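What the coordinates show
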Amino acid sequence: MGMPGTLRRVGAGLALAAAAACAGHGGAPGPAADPEPLLQGVRQLTFAGRRSGEGYFDASGHRLVFQSEREPGNPFYQIYLMDLATGALERVSPGVGKTTCGWIHPDGSRVLFASTHHDPQAPAKQEAELAERAAGTGRRYAWDFDPEFELWERDLASGALRRLTRAPGYDAEAAWSPDGRRIVFASNRHAFGGSLAPEEAERFEADPSVAMELYVREADGVVRRLTHAPGYDGGPFWSADGRRIVWRRFSPDGTRAEIWVRDVDGGPERPLTRLGALSWAPFFHPSGDYVVFATNLLGHANFELYLVDAAGISEPVRVTFQDRFDGLPAFAPDGRQLAWTSQRSGDASSQIFLAAWDEVAARRALGLAPAARSPASPAGPTSPPEAGPLRAHVVRLTAPEMAGRETGTDGERRAAAYVAGVFASLGLEPAGAEGGWLQPFDFTAGVSLAPGNELVLERSGAPPRAFAVDADWRPLGFSRSGEAGPAPVVFAGYGIVAPAVEGVEALDAYGDLDVAGRWVLVLRQLPSDVAPEVREHWSRFASLRHKATLARDRGALGLLVASGPRTPVRDPLVPLRIDGSAATAGIAALSVADPVAEALLAATGRDLASLQEALDRGEPLPAFPLPGATLAARVALVQERRQGRNVLARLPAEGPASGRPALVIGAHVDHLGRGLGGSSMAREEERGRVHPGADDNASGVAALLEIARQLSEARGRGELVLARDVIFAAWSGEELGLLGAEHFVRNLVPGDDGSDRVAAYLNLDMVGRLERALVLQGVGSSPRWPAVLERVAAPVGLPIRTQDETYLPTDSTAFYLKRVPFLSAFTGAHADYHTPRDTAEKLRYPELARVATLVARLAQEVASRPEAPVYVAKAPPPGDRGRAGLRAYLGTIPDYVEAEAGGLRLSGVVEGGPAARAGLRAGDVIVELAGRRVENVYDYTYAIEALVAGRDVEVVVLRAGRRLPLRITPEPRE
């Protein structure tokens, strides 16, 4: 992942920018307890549409029927059938009207559902609902018991539809018996025959659910009523032996619901729960020994899954532990998987999730005897490729002779040669410069002192005083070289000019003072004692380059920067390095030690400490000249120029398809070398050691090579017909600011719109340490991505979290800024990021193989279709452009997998860092920092901007559902 400065340059900012800003210095995240011990490998199954739910398996466990709102022009549910082995999806309902409650016949040939498509008013009802939503007047989601609902079945072979019920009223919530001869369903049909008493009829008119009862339709079409109790009876399901049904029964006033069970052919009705809450959506385990259901026992809107034994003896056992909705569960026929509807998706929409079920632990929790036959291990998804080749790629790329693969070094050249050799062995075509594999680019690698740097103070009546370079002063990396002065000096406080915003007055450190032809002395950073919201606002105008630009634009000869005695910094002189741009500021810009600043102030009778103290309090202090002193400088800097190299290969389409915009798949091959630049997070004792970069990003390059193999071999077998070229790219210069990817798009796309040359971009950056979920970022860059992801992800079996973010600290941003939609794969931050500890043995290779397979399937989906994904433009996150960067270090490691945490969840804290000393730990959710509410990584970053190193503040975390206030003392980052 790239450096935070990259994001400031392109106007973005988050993801690993915050990780780099907040983590650093090592230590591993502490192990977190399994939050849902009965579920293993939780993964999202559906991604497309406004919402999806009610997923039920067929008798083989290989297909799933579900309902989803996703049809263009129809805002209501339709029924879909998904093949879990291939990801193929088919709509089985007509597409018109409303549908609900799909169920697959035991022989697999038919699908049962309820539908209103026959209603002549169905299209008008669709239009009315769409108009309400467009006007923002749509009602809160609720089920409306449309009396036009009837039961239908579709023959999957012929497509023929057959109507099964014709009675007036709502017929739905149906399921075939395990032998396929009977259907149990819910209906309020008896209320339409004039049999209700006047009081009942009045209640029914206001609420059609009060008359809902259970019915059974026999094979010969005869329908008989099962229940007669007051209140809504609905949502019935069969036991695996076909003898019992389980359902929900609401209290007559509709405020409570309990789970009930009975023999379908007689016997008493028995409640399984007595929770006094809304308990519903029950489903038998295939053993028949217990039932899973949903309840809001823990809060009105917080539905969770629970278990209860089939006799209703045990205390219910909690299954899910998420703040959002979990409901509508269904076991696979073998009892080894559970599907359910949840809002734990990245965008908080309702979608279907799937997990392996721990039958042994469930029975133990309920106090049930072990099953007569122990369940076999859950059947896994499609087998991934062997992990050995991926391991070999990572080991080779992190070998000692690669020396950390710093851009422009021999190590990077060796890594590029290795990647090119693998591409060649796969039969790909070279796609680099002049028909070769490489695409070179020149860049500024660093800046250093040349001979001849001088700084001399002249004061009337005193001999000239020369200051020692690198001890008393040091040029800034963006300083103009050459002679400056002699010229007088003025003092301009912190050198900040910031506009007024709500609650914060404007600030102009210069006032009316004319600084033309003079040196301007300013303080480093920004005032420390002003209100947090003031400090946060001013921080966006406090970067050194910005201060130099302001001085230059006012005609100043040069800028002098002093730290000041009240500013906690690691080095009183600003380190000499480039700041993400090779361009100079156009004037001399020098960092000076505090004694130099005191010498300049001597004739005024004022000292630096008292001036800074007043400025830190926010006191208005007009800029003023420093009489009797002139300063002359000679700046001599050498910019080191190097050449980096991308490695490019092509899998070509044939015929007219080769002229379509290409699909590009990329991963950056470069890393930090020995970490001598500004983005290393090495501990003091590790500084100067090789940073192997196994996860960042040998993992992504290994996956790229595996994807190239899979696609090349699939085309060779005739299984992949390309509708466009596929370009595979191993970028360099990513850690220095996306240099390689930007060079590629700049040469490929001369204008701002690259969609006529690149159809889409798939990125892999840090994909080697999957523990909980793969994060796919950039889903918001095209409306096509959710449906594509749904089709390709089901067979792979990866837990996936989607995020809409489009401005990221990785190579995808270079493409997105050229109007190219993208997806970027990422498995999360960790304490070894940008340290010598990011080594090959720490990667999780079987999971890396699954990541490669998933992205290969995504690539095949895009590359084999003539239509390209549509680009969606999104504005950068507010307040990011021109950001000065974080100056306080906390030692927290954000969790980018669980993005919907209602705060900033931590995946760990750095050992010995401020967060660890304060008592923070993995799993904590930061909800407040220094009095500022934190709901996401942006809020957290903004709050850190207002902190002062060495000054403790309160941080509030959620731990085990309780707010816990702690005190944390930031450390200086500079």
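Just so it is clear, the model here is predicted, and its values are computed rather than measured. (Residues numbered from 1 in each chain as written. Predicted model: local features only at pLDDT ≥ 70, side-chain atom pairs only at ≥ 80, totals over all residues. Heavy atoms only, no water.)

**Thoughts on the overall build of the protein chain**
When its secondary structure is counted, the protein chain shows 18 helices and 51 strands. Taken against the 2.2 N^0.38 rule, which gives 30 Å for 974 residues, the C-alpha radius of gyration of the protein chain at 33 Å falls within 12% of a compact globule. For the protein chain, the spread of C-alpha atoms along the principal axes amounts to about 115 × 65 × 55 Å. Taken over 974 residues, the protein chain has a buried fraction of 59%. Restricting to contacts in the protein chain with at least 6 residues of sequence separation, those with at least 24 account for 68%. When the accessible area of the protein chain is evaluated, it comes to approximately 36600 Å², of which 51% is carbon and sulfur surface. With 106 positive and 121 negative side-chain charges, the protein chain shows a spacing of 2 Å between the two charge centroids. (Helix = DSSP H or I, 4+ residues; strand = E, 2+ residues; numbered from the N terminus. Rg over C-alpha atoms; globule rule 2.2 N^0.38 Å. Buried < 20%, exposed > 50% of the residue type's maximum accessible area, 1.4 Å probe, protein only. Contact = heavy atoms within 4.5 Å. Areas by Shrake-Rupley, 256 points an atom, 1.4 Å probe, with all protein chains shown as cover. Lys, Arg positive; Asp, Glu negative; His and termini not counted. Charge placed at Lys NZ, Arg CZ, Asp CG, Glu CD.)

**Digging into the pairing of strand β6 (residues 99-104)**
In terms of burial, β6 is largely enclosed, as 6 of its 6 residues are buried. In this structure, β6 lies alongside strand β7 (residues 110-115), joined through 4 bridges in antiparallel fashion. Looking at β7, one finds that Trp103 is bridged to Leu112. Connecting β6 to the next strand, β7, in antiparallel fashion are 5 residues, including Gly108 with a positive phi near 80 degrees. (Pairing = 2+ DSSP bridges.)

**So, the pattern of salt bridges**
With the rule as written, the count across this model stands at 67 salt bridges. Note that Arg344 and Glu36 form a salt bridge whose closest N and O atoms lie 2.9 Å from each other. Here Arg344 is found in the loop between β23 (337-342) and β24 (351-357), whereas its partner Glu36 is found in the loop between α2 (16-22) and β1 (39-44), with 308 residues between them in sequence. Here the two residues Arg344 and Glu36 agree in accessibility, since each one is buried. The partner of Arg634 in a salt bridge is Glu454, and the shortest N-O contact between them spans 3.1 Å. Placement of the pair is Arg634 in strand β36 (residues 624-635) and Glu454 in strand β27 (residues 454-459), with a sequence separation of 180 residues. Among the ionic contacts, a cluster of salt bridges with common partners joins Arg683, Glu686, Arg769, Asp832, Arg837, Asp838 and Lys842. (Salt bridge = Lys/Arg side-chain N within 4 Å of Asp/Glu carboxyl O.)

**Thoughts on the sheet that holds strand β8 (residues 150-155)**
Two pairing modes exist for strands in a sheet, parallel and antiparallel, and in both the strands are linked by backbone hydrogen bonds. Strand order in the open sheet formed by 4 strands is β6-β7-β8-β9, and the pairing between neighbours is antiparallel. In the strand order of this sheet, the two ends are held by β6 and β9 (161-163), each with one partner. The sheet shows a mean angle of 25 degrees between the axes of neighbouring strands, direction not considered. Bridging between β7 and β8 involves 6 bridges; their strand directions are antiparallel. Bridge pairing in β8 links Val111 to Arg154. (Axes fitted to C-alpha atoms, helices over the stretch in contact; angles between N-to-C directions.)

**So, the packing of aromatic side chains**
This structure, assessed with the given rule, holds 32 aromatic pairs. Between Trp280 and Phe325 the ring centres are 6.4 Å apart and the planes differ by 45 degrees, which places this aromatic pair in the tilted class. Of the two residues, Trp280 sits in strand β18 (residues 279-284) while Phe325 sits in the loop between β21 (317-318) and β22 (326-331), which places them 45 residues apart along the sequence. For Phe325, a relative accessible area of 14% puts it in the buried group. Cluster of aromatic residues (ring-pair linked, three or more members): Phe145, Phe149, Tyr170, Tyr232 and Phe250. One residue, Lys98, lies across the ring of Phe76, its end atom 5.1 Å from the ring centre. Above the face of the Phe624 ring, Arg606 is positioned so that its terminal group lies 4.7 Å from the ring centre. (Phe/Tyr/Trp six-rings, centres within 6.5 Å; stacked < 30°, edge-to-face > 60°. Lys NZ or Arg CZ within 6 Å of the ring centre and 35° of its normal.)

**What to know about the sheet that holds strand β20 (residues 304-309)**
If you trace the 4 strands from one edge of the open sheet to the other, you get β18-β19-β20-β21, paired in antiparallel fashion. Every other strand in the sheet has two partners, leaving β18 and β21 as the edge strands with one partner each. Where β20 meets β21, 2 bridges bridge the pair, whose relative direction is antiparallel. Paired with Leu307 across the bridge in β21 is Val317.

**With respect to the nonpolar core**
In terms of nonpolar packing, the biggest core is built from 76 residues, with Leu307 and Trp357 touching the most fellow members. Per element, the largest residue contribution to this core is 5 residues, and it comes from strand β19 (residues 290-295). In this structure Leu307 touches Leu38, Tyr290, Val291, Val292, Phe293, Glu315, Pro316, Val317, Val319, Trp357, Ala362 and Leu366, once residues within four positions along its chain are discounted. (Core = buried A, V, L, I, M, F, W, Y, C linked by side-chain atoms within 4.5 Å.)

**Regarding empty space enclosed by the protein**
In this structure the tally under the stated criterion is 2 cavities of 30 Å³ or more. One number sums up the size of the largest cavity: a volume of about 90 Å³. Taken together, 15 residues line the largest cavity, and the ones lying closest to its centre are Gln525, Arg535, Thr567, Pro568 and Val948. Of the residues belonging to the lining of the largest cavity, the class tally is 7 nonpolar, 4 polar and 4 charged. Looking at the second largest cavity, its volume works out to about 30 Å³. As for the second largest cavity, its lining consists of Leu762, Asn763, Leu776, Leu823, Ser824, Ala825, Val855 and Leu858. Those elements that provide at least two residues to the lining of the second largest cavity are β40 (758-764), β43 (822-826) and α16 (845-863). At 3 residues, the largest contribution of residues to the lining of the second largest cavity is made by β43. (1 Å grid on protein atoms, 1.4 Å probe; cavity = no way out; pocket = protein on both sides within 12 Å on 5 of 7 lines; lining within 4 Å. Points joined across faces, edges and corners; volume = space filled by probe spheres on them. Nonpolar A, V, L, I, M, F, W, Y, C, P; charged D, E, K, R; others polar.)

**Describing the environment of Ala703**
With respect to the helices and strands, Ala703 occurs in helix α12 (residues 694-716). The class of Ala703 is buried, set by a relative accessible area of 0%. Sequence separation between Ala703 and Ala667 is 36 residues; the distance between their C-alpha atoms is 8.5 Å. Among residues more than four places away in sequence, those in contact with Ala703 are Leu390, Leu764, Val767, Leu848 and Ala852.

**Some words on the side chain of Glu69**
With respect to the element layout, Glu69 can be found in strand β3 (residues 63-69). Relative accessible area serves as the criterion here: at 6%, Glu69 is assigned to the buried category. Only 2.6 Å separates the side chain of Glu69 from the side chain of Arg51, close enough to count as a polar contact. In terms of polar contacts, Glu69 uses its side chain to reach the side chain of Arg133, at 3.4 Å. (Polar contact = N/O pair within 3.5 Å; in protein donor to acceptor, adjacent residues only side chain to side chain.)

**Considering the packing of helix α14 (residues 785-793) against α16**
Interhelical geometry of α14 versus α16 gives an angle of 125 degrees and a closest axis separation of 9 Å. Classified by the angle between their axes, α14 and α16 sit oblique to one another. For the element pair α14 and α16, the recorded crossing hand is right-handed. Contacts between α14 and α16 involve Trp785, Val788, Leu789, Arg791, Val792 and Ala793 from the former and Leu854, Arg857, Leu858, Glu861 and Val862 from the latter. Of the residues that constitute the contact of α14 with α16, the class distribution is 8 nonpolar, no polar and 3 charged. (Parallel < 35°, antiparallel > 145°, perpendicular 65-115°, else oblique. Left-handed = near helix turned anticlockwise from the far one by under 90°.)

**Overview of unusual backbone geometry**
The omega torsion of the bond from Gly485 to Pro486 falls at 10 degrees, within 30 degrees of zero and hence cis. Within the secondary structure layout, Pro486 lies in strand β30 (residues 482-491). Here the bond from Asp696 into Asn697 is cis, since omega is 5 degrees, no more than 30 degrees from zero. As for its position among the elements, Asn697 is in helix α12. One non-glycine residue, Ala403, lies in the positive phi region at around 50 degrees. When you line up the elements, Ala403 lands in the loop between α6 (388-397) and α7 (410-425). Assessed through its relative accessible area of 31%, Ala403 is described here as partly exposed. Of note, Gln525 is a non-glycine position whose phi angle comes to about 65 degrees, a positive value. Summarising the element assignment, Gln525 is placed in the loop between β33 (519-523) and α8 (532-539).

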